[in-house]
Amino acid sequence: MTKPFAQDVRTPRPEHRFTFGLWTVGNPGRDPFGDAVRPAMSPVRIVQKLGELGAYGVNFHDNDLVPRDATTAEREKIVRDFRAALKESGMKVPMATTNLFGDPVFRDGAFTSNDSAVRRHALQKTMRSMDLGKEFDAETYVFWGGREGVETNAAKDPREAMKWFRDAINFLCEYNIAQGYNYRFALEPKPNEPRGDIFLPTIGHALAFIYTLDHPDMVGVNPEVAHDSMAGLDFAHGVAQAMEVGKLFHIDLNAQKPGRYDQDHRFGSEDLKQAFFLVKLLEDAGYAGMKHFDSHAYRTEDEAGVWEFARGSMRTYLLLKEKVAAFHADPEITQLLAALDARGAAPGMRISFLHDGQAIKDEQFDLEAMRAKGYAYERLDQLTIEILLGVR
Ligand code: GLT
Ligand code: MN
Ligand code: MN
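Presented here is a report on the structure given in the accompanying data block.

Rules used in this analysis
- Residues numbered from 1 in each chain as written.
- Chains lettered and ligands numbered in written order.
- Predicted model: local features only at pLDDT ≥ 70, side-chain atom pairs only at ≥ 80, totals over all residues.
- Heavy atoms only, no water.
- Buried < 20%, exposed > 50% of the residue type's maximum accessible area, 1.4 Å probe, protein only.
- Helix = DSSP H or I, 4+ residues; strand = E, 2+ residues; numbered from the N terminus.
- Pairing = 2+ DSSP bridges.
- Polar contact = N/O pair within 3.5 Å; in protein donor to acceptor, adjacent residues only side chain to side chain.
- Contact = heavy atoms within 4.5 Å.
- Donors = N, O, S within 2.8 Å, 3.2 Å for Na, K, Ca; no water.
- Tetrahedral: all angles 85-135°; square planar, octahedral: opposite > 155°, others 65-115°.
- Phe/Tyr/Trp six-rings, centres within 6.5 Å; stacked < 30°, edge-to-face > 60°.
- Right-handed = clockwise from strand over helix to strand, strands pointing away.
- 1 Å grid on protein atoms, 1.4 Å probe; cavity = no way out; pocket = protein on both sides within 12 Å on 5 of 7 lines; lining within 4 Å.
- Points joined across faces, edges and corners; volume = space filled by probe spheres on them.
- Nonpolar A, V, L, I, M, F, W, Y, C, P; charged D, E, K, R; others polar.

With that settled, the discussion passes to the pairing of strand 1 (residues 18–21). Neither face of strand 1 is left uncovered, since the one carrying Phe18 and Phe20 and the one carrying Thr19 and Gly21 both have all their residues buried. For strand 1 and strand 10 (residues 291–293), the ladder comprises three bridges, and the chain directions are parallel. Opposite Phe20, over in strand 10, you have Phe293 as the bridge partner. Relative to strand 2 (residues 57–61), strand 1 runs parallel, the two being bridged by three bridges. Note that in strand 2 the partner of Thr19 across the bridge is Gly57.

Here we come to the side chain of Arg13. As for its position among the elements, Arg13 is in the segment before strand 1. Of the polar contacts made by the side chain of Arg13, one reaches the backbone oxygen of Asp8; its length is 3.2 Å. Beyond its immediate stretch of four places on either side in the chain, Arg13 contacts Gln7, Asp8 and Gly54.

This part takes up the coordination of the manganese ion (ligand 3). Around the manganese ion (ligand 3), the protein supplies Glu188 (OE), Glu224 (OE), Asp252 (OD) and Asp294 (OD) as donor atoms, at distances of 1.9 to 2.2 Å. Viewed at the metal, the six donor atoms of the manganese ion (ligand 3) are separated by angles of 75 to 166 degrees, and the geometry they form is octahedral. Counting the intervening residues between successive donors of the manganese ion (ligand 3) yields the motif E-x35-E-x27-D-x41-D. Separation of the manganese ion (ligand 3) from the manganese ion (ligand 2) amounts to 4.6 Å, with Glu224 serving as a shared donor to the pair. You can see Glu224 sitting in the loop between strand 8 (219–221) and helix 8 (225–230) and its partner Asp294 sitting in the loop between strand 10 and helix 11 (303–329), a full 70 residues away along the chain. Looking at Glu224, the relative accessible area reads 1%, which means it is buried. On the basis of relative accessibility, which here comes to 10%, the residue Asp294 falls in the buried class.

We now examine the coordination of the manganese ion (ligand 2). At this site the manganese ion (ligand 2) is bound by Glu224 (OE), His227 (NE2), Asp262 (OD), Asp262 (OD) and Asp264 (OD), with donor distances of 2.0 to 2.7 Å. Mapping the donors of the manganese ion (ligand 2) onto the primary sequence gives the spacing E-x2-H-x34-D-x1-D. The exposure class assigned to His227 is buried, which follows from its relative accessible area of 3%. With relative accessibility at 12%, the residue Asp264 sits in the buried group.

Okay, the packing of aromatic side chains next. Here the structure, examined in full by the defined rule, presents 22 aromatic pairs. Between Phe60 and Phe82, the ring centres sit 5.8 Å apart and the planes meet at 75 degrees, which makes this aromatic pair edge-to-face. One end of the pair, Phe60, is in strand 2; the other, Phe82, is in helix 4 (residues 72–89), and 22 residues separate them in sequence. Phe82 matches Phe60 in its accessibility class, with the two residues each being buried.

Most of strand 4 (residues 140–144) is tucked away, with four of its five residues classed as buried. Relative to strand 4, strand 3 (residues 95–97) is paired through three bridges, and the arrangement is parallel. Bridging from a neighbouring strand, Met95 pairs with Thr140 of strand 4. Tracing the backbone out of strand 3, into helix 5 (residues 116–135) and back to the parallel element strand 4 gives a crossover that is right-handed. By the bridge criterion, five bridges tie strand 4 to strand 6 (residues 184–188) in an arrangement that is parallel. Of the residues in strand 6, the one forming a bridge with Trp144 is Glu188.

Time to look at empty space enclosed by the protein. Tallied over the entire structure, the rule returns two cavities of 30 Å³ or more. Quantified by volume, the largest cavity comes out at close to 60 Å³. Forming the walls of the largest cavity are Phe143, Trp144, Gly145, Phe165, Leu187, Glu188, Pro189, Lys190, Ile198, Phe199 and Leu200. Those elements that provide at least two residues to the lining of the largest cavity are strand 4 and strand 6. Taken together, the residues of the lining of the largest cavity sort by class into eight nonpolar, one polar and two charged. Here the second largest cavity defines a volume of roughly 40 Å³. In terms of lining, the second largest cavity is formed by Leu100, Phe111, Phe143, Trp144, Gly145, Gly146, Glu148 and Phe165. When grouped by side-chain class, the residues that make up the lining of the second largest cavity number five nonpolar, two polar and one charged.

Following this line, the structure appears as structure tokens:
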């Protein structure tokens, strides 16, 4: 008897919704201490290669595709060539964004610069970039406020900065509506770098800000592994909180050691356990959005290393997805989780004052027994580790 054909679950395919940015695989390895180590790679080459590797799509900042000083004729040619490459490889552009950080004009921020002309220029640049994204049917529009922040609070009243930021997002929501673009806006929090401190530093800050906007339904978040890890936070918790209120519009996957500069390493290459629980969260929740690898190859690498990095990012996600299945199929884990469910941990166990108020006020608790009983999390965690280490 022949075995039924099993598709290789470790091979990335477009249906996995893996994406990369032109700026990620195209990163030439420049850092604050050293020059580029890899030659610039053309957007066309990036699209071809990512398509071969099984990615779903590629994302860009306006200037990743069209250089800042391009003429109209140059822009047209770039757009035409890029469109042809996308068509040939079947790759999509699900997300677009604006570079509001590279130009020296943004040294004090874009939407929150103290210079009102800079703030207006940032709006103009974003509107034009939204137009460019729509030429490729992008659906998500990311706002990473890299330069929105300060080195010294003497510079500006952060309350004023919040108002400018809100005005800008409200303005761009109106533009989105006026043009019929239907973009979903995704704010990307980060605590610091390149500014000493960046406004909207965490997922929680971004979520709270969203509900103060004129069109909160249009705006969600694009959290990034490295950005929460830099701040020493548990990334999965922030992602879960966003998800639970329907605000996880996009996600940036990479790896990072806490407390360092923004390393943007290959997904899963640092805290494997954190990466596992993130994949578990996304898979268990049936997250259907884009999984964008916002990361780049080590500076030591040549082009071969870049593609190894891209392949590895997707493969690690799929391997962790297999481990998630193993976690759910493990009889001992199932038993431990069932015991927790029996203690009332099962989803759906809710209380409300209306239904339970009096009963809870009158309830007699066996506190001795409640105090004495452990939760068996040591065993549960060890079993998880053993799954990750491949011995279960
Ligand atoms: C830059 C940053 C990322 C953002 C990109 C989108 S640009 O690479 O470090 O976290 O997602 O603007
Ligand atoms: Mn980053
Ligand atoms: Mn990012």
